[in-house]
Amino acid sequence: MTNRVNVVVVGGGQAGLAAGYHLRRQGLDFTILDADPAPGGSWQHMWDSLHLFSPAEHSSLPGRLMPAHAGETYPDAGHVVNYLADYEKHYDLPVQHGTRVDAVRRDGERLLVETDSGTWRAKAIISATGTWSRPFLPAVPGRDSFAGRQLHTVDYRSPADLTGRRVIVVGGGNSGAQIAADLALDGQAEVTWVTQRPPRFLADDIDGRALFDVATARRRALESGRGDTGGVTSLGDIVAVPPVRAARDTGLLVAKPMFARLTADGVRWADGSHTGVDAVIWCTGFRPALVHLAPLNLRSARGHIPTDGTRALGEPRLHLLGYGDWTGPASATLIGVGRPARDAARTIAQLL
Ligand code: FAD
């Protein structure tokens, strides 16, 4: 069965929904295809204790404010899932859940979108598949010989899974700090946190609001030709959300330098000493989920698809949304994705 539509949005997480909101405003006919059977994008898969690093009113998609979370300044992931499900319903966005896009191909004037349940022919595509389905594991010596458990951020749910275990958490970003803090505050596992370089905590009064302001200032500076102001990473890497702050301030969150290698039953440190370990949690980031776009042959040597804003340089009918700052400053955040989504929808409306 082949369906025809003006625009196909691949992915129905926050980026796909923001795209849907703006495509509707442009009066375009579109479908959103989402691999997950339920609304909420990657938020429905995050660990139990995860909270946003911004208050609800600073975590909203275009058009509809995220409601406050009773009793909590920083809402949890479940609250975001509810908000996204409500957003989808409120705007009656045509999301087809449980549909995985396998490939996008050129087909004359149209793009062919092949899925596990039919084919779509579209005049334009917005790819908004995020990064959650592509966890990145670094090539660390001995990784294959380690006989214990290896998890990535995407596999971690709660400390209960690791009670009584000796656990190494690898990674100096937000996921590493938060998961190490989660385990350390729970106290039932023996946790060691290791980072490639000393962890850089943002000042305690900086949360997602300030990060968004910095990203906005950077975008304005770039747009007006004033040069790059450095973006959010110039401030540090780790937002001191309450559990991270609590663990750090009680001395439970102290990073060690990265180990030299994994052995069958633990880690060997640079000084040659050995520590027995039952589980390693790799909080080592993600890559963009772009495999469905491989037939278009657009990837650069760095693995990204070069873009001008959200539009792919090598295929003007394709836009990329979310993923990271390379598709627009802060476009991988709830509050930041609205603007690039609007720009993408406008550009597509002009194209059509
Ligand atoms: P996703 O939420 O991953 O959604 C992508 C959707 O695409 C999914 O539903 C998936 O099923 C679907 N999909 C994937 N491949 C296909 C395919 N081939 N075919 C069809 N569908 C497909 N941001 C904030 O603003 N505030 C925060 O506090 C915050 N905290 C974060 C904490 C963590 C641990 C992480 C990892 C991120 C955090 N972020 C935060 C960043 C960001 O908001 C999320 O990464 C966000 O989920 C990205 O949204 P997305 O729509 O781009 O991707």
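It should be noted that the structure appears before, not after, this text.
Described below are features of the structure shown in this document. (Residues numbered from 1 in each chain as written. Predicted model: local features only at pLDDT ≥ 70, side-chain atom pairs only at ≥ 80, totals over all residues. Heavy atoms only, no water.)

### Thoughts on the packing of helix H1 (residues 14-25) against helix H6 (residues 338-351)
Two quantities define a packed helix pair, namely the angle between the axes and the distance from one axis to the other.
Point 1. Contact geometry for H1 and H6: axes closest at 8 Å, N-to-C directions at 45°. Judged on the interaxial angle alone, H6 and H1 are oblique. Seen from above, H1 lies across H6 with right-handed handedness. In contact with Ala18, Ala19, His22 and Leu23 of H1, H6 contributes Gly338, Ala341, Arg342 and Ala345. (Axes fitted to C-alpha atoms, helices over the stretch in contact; angles between N-to-C directions. Helix = DSSP H or I, 4+ residues; strand = E, 2+ residues; numbered from the N terminus. Parallel < 35°, antiparallel > 145°, perpendicular 65-115°, else oblique. Left-handed = near helix turned anticlockwise from the far one by under 90°. Contact = heavy atoms within 4.5 Å.)

### Description of unusual backbone geometry
Point 1. Even without being a glycine, Asn297 presents a positive backbone phi close to 55°.
Point 2. Assignment of secondary structure puts Asn297 in the loop between strand S14 (279-282) and strand S15 (307-308).
Point 3. A positive phi angle, near 65°, is found at Tyr323, a position not held by glycine.
Point 4. Mapped onto the elements of the fold, Tyr323 is located in the loop between strand S17 (315-320) and H6.
Point 5. Judged by its relative accessible area of 10%, Tyr323 is buried. (Buried < 20%, exposed > 50% of the residue type's maximum accessible area, 1.4 Å probe, protein only.)

### Some words on the nonpolar core
Point 1. Ranked by size, the top nonpolar core spans 63 residues in total, and within it Trp43, Leu61, Ile126, Val169, Leu183 and Ile281 carry the most contacts.
Point 2. No fewer than three residues from each of domain 1 (2-133 + 286-351) and domain 2 (143-201 + 237-282) sit in this core.
Point 3. Ignoring sequence-local partners within four residues, the contact set of Ile126 consists of Val7, Val8, Val9, Val10, Ala19, Leu23, His319, Leu321, Ala344 and Ile348.
Point 4. Listed in part, the 20 residues of the second largest apolar core include Ala122, Ile125, Leu290 and Leu296. (Core = buried A, V, L, I, M, F, W, Y, C linked by side-chain atoms within 4.5 Å. Domains from an automatic or database assignment.)

### Some thoughts on the packing of aromatic side chains
Point 1. One pass over the structure, following the stated rule, counts nine aromatic pairs.
Point 2. Ring geometry for Tyr21 against Tyr91: centres 5.1 Å apart, planes inclined by 80°, an arrangement best described as edge-to-face. Of the two residues, Tyr21 is situated in helix H1 and Tyr91 in the loop between helix H2 (77-90) and strand S3 (95-97); the sequence distance between them amounts to 70 residues.
Point 3. Of the residues examined, Tyr21 reaches a relative accessible area of 13% and is grouped as buried.
Point 4. Through a chain of ring-to-ring contacts, three or more aromatic side chains come together here, namely Tyr21, Tyr83, Tyr87 and Tyr91. (Phe/Tyr/Trp six-rings, centres within 6.5 Å; stacked < 30°, edge-to-face > 60°.)

### Digging into the sheet that holds strand S9 (residues 190-195)
Point 1. Across the sheet, five strands lie side by side as S7-S14-S8-S9-S10; this open sheet has parallel pairing. The sheet terminates laterally at strand S7 (149-152) and strand S10 (255-257), the two strands that pair on one side only. Along the sheet, successive strands turn relative to each other by an average axial angle of 30°, direction set aside.
Point 2. The sheet contact formed by strand S8 (residues 166-170) and S9 spans five bridges and is parallel. Each bridged residue has a counterpart across the sheet, and for Arg166 the counterpart in S9 is Glu190. (Pairing = 2+ DSSP bridges.)

### Here's the deal with the packing of helix H3 (residues 174-186) against helix H5 (residues 242-249)
Point 1. H5 packs onto H3 with a crossing angle of 60° between their chain directions and a minimal axis gap of 9 Å. Classified by the angle their axes make, H3 and H5 are oblique. For H3 against H5, the interelement crossing comes out left-handed. Only Pro243, Val244, Ala246 and Ala247 of H5 make contact with H3, whose side of the interface consists of Ala177, Gln178, Ala181 and Leu185.
Point 2. Within the contact of H3 with H5, the residues separate by chemical class into seven nonpolar, one polar and no charged. (Nonpolar A, V, L, I, M, F, W, Y, C, P; charged D, E, K, R; others polar.)

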